[in-house]
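Architecture and fold: a report
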Amino acid sequence: MHAPWLLALVALVGPIGTATPRAPAAEGLKLLFVGNSLTYTHNVPDLVKRLAKAAGRPTPSVEMRAFPNVGLEDHWKDGWVAKALKQGHYDVLIMQQGPSTMAASGADLGRWSAVLAAEAVKHGTRPGLYAVWAPASGGMGASLANYKTAADAAGTAFYPVSAAWQAAWASRPALPLYGPDGFHPSEHGAMLAAMVLTGVIFDVDPATMPNLFK
């Protein structure tokens, strides 16, 4: 199965806003992705880069800091992200934590996304939260709500990837967005995530994006 159905289904999410870029339009934006295996599985940052280029935007540079089973607190305490934001002159910080389906995980997401967002803003970088899906076992609505609450509280952009997954399933419940483990994305799930991120960051209509699986 290829991706043409994704091009239409992502549009079901409706208007998803934009993340105001710092760089002039003639330059490619410099993006920093911070997360875990939900970001690096099928290399979502590279898909964003390719989609932005295909949409006619100046080719962005993307950098990813992602490891298995880590959260934003781990990234902050490691010290690399703060140093990179200070020295890297990034335009956009894309933050991703695991699914936040419980009140405690939502509070943790809110606390540490606010810390990283404040550091990003201090150095002229626009922060945003990449709202990932919940496991196949459930909790999608709670995770989406926790991400939205955290984004609003921290004043960040919001990338509603889990909402796009829900919209896709509302039309075609059998769409294979999960990988075999019911947690990480399939190629199609990663592609849909990249389409949402690209649409928000670069103000591109996802329905016009190409099929990268050809």
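Residues numbered from 1 in each chain as written. Predicted model: local features only at pLDDT ≥ 70, side-chain atom pairs only at ≥ 80, totals over all residues. Heavy atoms only, no water.

What follows is about the overall build of the chain. The number of helices and strands found in the chain is nine helices and five strands. Every one of the 214 residues in the chain was classed for burial, and the buried ones make up 53%. Long-range contacts, defined as pairs at least 24 residues apart, comprise 77% of the intrachain contacts of the chain with a sequence gap of at least 6. A total of about 9000 Å² of accessible surface is found on the chain, and carbon and sulfur atoms cover 56% of it. (Helix = DSSP H or I, 4+ residues; strand = E, 2+ residues; numbered from the N terminus. Buried < 20%, exposed > 50% of the residue type's maximum accessible area, 1.4 Å probe, protein only. Contact = heavy atoms within 4.5 Å. Areas by Shrake-Rupley, 256 points an atom, 1.4 Å probe, with all protein chains shown as cover.)

Moving on, we get to the nonpolar core. Of all hydrophobic cores here, the largest spans 62 residues; its most connected members are Leu31, Ile94, Tyr130, Trp133, Tyr159 and Trp165. By residue number, the principal contributor to this core is helix 9 (residues 187-202), which donates eleven residues. When residues no more than four places from it in sequence are discounted, the contact partners of Ile94 are Leu31, Leu32, Phe33, Val34, Gly128, Tyr130, Tyr159, Leu197 and Ile201. (Core = buried A, V, L, I, M, F, W, Y, C linked by side-chain atoms within 4.5 Å.)

Right, let's get into the packing of helix 5 (residues 80-88) against helix 6 (residues 103-122). Running from amino to carboxyl end, helix 5 crosses helix 6 at an angle of 20°, the nearest separation of the two axes being 9 Å. Taken together, helix 5 and helix 6 sit at an angle that is classed as roughly parallel. Relative to helix 6, the crossing made by helix 5 is right-handed. Listed contacts from helix 6 to Val81, Ala82 and Leu85 of helix 5 are Leu116, Glu119 and Ala120. Of the residues assigned to the contact of helix 5 with helix 6, the class counts are five nonpolar, no polar and one charged. (Axes fitted to C-alpha atoms, helices over the stretch in contact; angles between N-to-C directions. Parallel < 35°, antiparallel > 145°, perpendicular 65-115°, else oblique. Left-handed = near helix turned anticlockwise from the far one by under 90°. Nonpolar A, V, L, I, M, F, W, Y, C, P; charged D, E, K, R; others polar.)

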